[in-house]
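Residues per chain are reported as follows:
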Amino acid sequence: MSEHAVMRNQLSSNQAAGSSAGDRSALRMSGIVKRLGELTLGPLDFEIEPGTVVALVGPNGSGKSSIFRMLMNLSKPDQGELRMLGKVYGSDEDEADVKRRMGYVPEESSWDELGCTTIRQLHHFVSRWYPSWNETLYRQLMIDFELHERMKLSTLSKGMKRKLSCIIAISYEPQVLLLDEATSGLDPFASKRMIEQLVRYMDGGERSIFFSTHVMEEVRRLADYILYINRGRFVGVFEKDRLLDDWKKMWVREAPQAAGQLPGVVAIEPGRDGGLVQIISKASMETEAALSVQGIVPVRVTGMELEDILEILGRQDRETSEE
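Everything numeric here is computed off the predicted structure, so don't read it as measured data.

Criteria and cut-off values
- Residues numbered from 1 in each chain as written.
- Predicted model: local features only at pLDDT ≥ 70, side-chain atom pairs only at ≥ 80, totals over all residues.
- Heavy atoms only, no water.
- Helix = DSSP H or I, 4+ residues; strand = E, 2+ residues; numbered from the N terminus.
- Buried < 20%, exposed > 50% of the residue type's maximum accessible area, 1.4 Å probe, protein only.
- Contact = heavy atoms within 4.5 Å.
- Polar contact = N/O pair within 3.5 Å; in protein donor to acceptor, adjacent residues only side chain to side chain.
- Pairing = 2+ DSSP bridges.
- Axes fitted to C-alpha atoms, helices over the stretch in contact; angles between N-to-C directions.
- Core = buried A, V, L, I, M, F, W, Y, C linked by side-chain atoms within 4.5 Å.
- pLDDT = per-residue confidence, 0-100.
- Lys, Arg positive; Asp, Glu negative; His and termini not counted.
- Salt bridge = Lys/Arg side-chain N within 4 Å of Asp/Glu carboxyl O.
- Phe/Tyr/Trp six-rings, centres within 6.5 Å; stacked < 30°, edge-to-face > 60°.
- Lys NZ or Arg CZ within 6 Å of the ring centre and 35° of its normal.

Description of the environment of E47
Relative to the helices and strands, E47 resides in strand β2 (residues 39-48). On the accessibility criterion, E47 (35% relative accessible area) is partly exposed. Considered as a pair, E47 and P59 are twelve residues apart in the sequence and their alpha carbons are 22 Å apart. Ignoring any residue separated from it by four or fewer positions in sequence, one finds E47 in contact with S25, L27 and R28. Within polar-contact distance, the side chain of E47 engages the side chain of R28 at 3.1 Å.

Remarks on the sheet that holds strand β6 (residues 176-180)
Spatial strand order, β5-β6-β7-β3-β8-β9: six strands in an open sheet with mixed pairing. Pairing within the sheet leaves two strands with one partner each, and these edge strands are β5 (102-105) and β9 (233-239). Between one strand and the next, the sheet's axes are offset by a mean angle of 15 degrees, whatever the strand orientation. Direction of pairing for strand β3 (residues 53-57) relative to strand β7 (residues 208-212): parallel, over a ladder of four bridges. Its bridge partner being in β7, V53 is matched across the sheet by I209. Across the sheet, helix α2 (residues 64-71) touches β3, β5, β6, β7 and β8 (225-230), and the angle it forms with β7 is around 140 degrees. Of the strands in this sheet, β5 and β6 touch helix α6 (residues 158-171), which is tilted by about 175 degrees from β5.

Things to note about the nonpolar core
Core analysis: the biggest nonpolar cluster contains 58 residues, and L122, L164 and I209 have the highest contact counts within it. Look past the residues within four positions of L164 in its chain and what remains in contact with it is W111, I119, L122, M142, L147, L153 and L156.

Quick word on the confidence of the model for the protein
On average, residues of the protein score 86 in pLDDT, and 91% of them reach the 70 mark or higher. Below a pLDDT of 50 lies the segment residues 1-21, which in the model reaches 55 contacts outside its immediate sequence neighbourhood of four places, other chains included.

Some words on the sheet that holds β2
With antiparallel pairing, the three strands of this open sheet are ordered in space as β2-β1-β4. Since the sheet does not close on itself, it has two edges, and those belong to β2 and β4 (79-84), each with one partner. This sheet shows a mean twist of 25 degrees between the axes of neighbouring strands, independent of strand direction. With five bridges connecting them, strand β1 (residues 27-36) and β4 associate as antiparallel partners. Following the sheet pairing, R28 is matched in β4 by R83. Seen against the sheet, α2 touches β1, β2 and β4 and runs at an angle of roughly 120 degrees to β1.

As for the side chain of K163
In this structure, K163 sits in helix α6. Among buried charged residues, K163 stands out as having no salt bridge; its nearest opposite-charge side chain is E146, 4.9 Å away. Those residues within four positions of K163 in sequence are excluded, and the remaining contacts are F145, L147, L186, A190, R193 and M194.

Looking at the environment of R120
In this structure, R120 sits in helix α4 (residues 119-129). Relative accessible area serves as the criterion here: at 45%, R120 is assigned to the partly exposed category. Each C-alpha atom, one on R120 and one on L153, is 9.6 Å from the other, the two residues being 33 residues apart in sequence.

Here's the deal with the packing of aromatic side chains
Evaluated as defined, the whole model comprises six aromatic pairs. Between Y130 and Y172 the ring centres are 3.5 Å apart and the planes differ by 5 degrees, which places this aromatic pair in the stacked class. Pair noted here: Y130 is in the loop between α4 and α5 (135-144) and Y172 is in the loop between α6 and β6, with a separation of 42 residues, a long-range link. An aromatic cluster is defined as three or more aromatic residues linked by ring pairs; in this entry it consists of F46, F68, F210 and F234. In this arrangement the basic side chain of R300 is found over the ring face of W251, its NZ or CZ atom lying 4.0 Å from the centre.

Below is the structure:
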């Protein structure tokens, strides 16, 4: 059953929000496996706590959109358990209750099945279904993103549809917000405003955001944690700030002894024609301490870009899987 079908079938129902005893997580995947043709996604084991923002990153075709479809109960895992806001999708009533408390912006937005032709009609339909609908916030977001209710849904560009989907998802102030490539199709100015709105959304209390993206600037500005998948394989969950703090490039005048055994060292590039030796470390403080024991002081130390760190992590994962 699609999320819109649940809205239609449960429009008159107003189930009380709640969660199973002892489970405060925004979402939880336990041993989730999904077979996608030649690709097997998982097993996935992770949890998102209230008040955190988690970015889902990975190459195209790694299964990111499939994860969102499972979170929305549009697709079922082949094995494992998935809980949203403390509940397992066990009935239409459970699904309606969960979806009233979560916002979802899919990669491709479509409202055809709702029978709405204008933004005004869509607004009227959706606002009745969510008891937490914030009309003042909705009106302000419409102004901020330069949309008006007379616009026909069929004439909206991809970027305008993306704006409208985000406006609707934020306007009922859900407990958890799922964004599949949230700023896709937006120009740089609209993208910047969207990120600012998402930051404001997180100021509203114990809310959570789980979003996929290829744009590292979004990860830098929004994410607390990075969940990295590579060709369906779960590489790991990483604290963003710690990655940026720990991973460094450093240059030294001479190659250290037993360089490959130094703590934290990921790669070493010998200097050319007597030039500086470059060391990449994932634990820069430990590496520098080990170099100091050998009487080596780095000439220069710089931080690394997130995309470079993730590329190395992905390469290490591929090498491990091929062993």
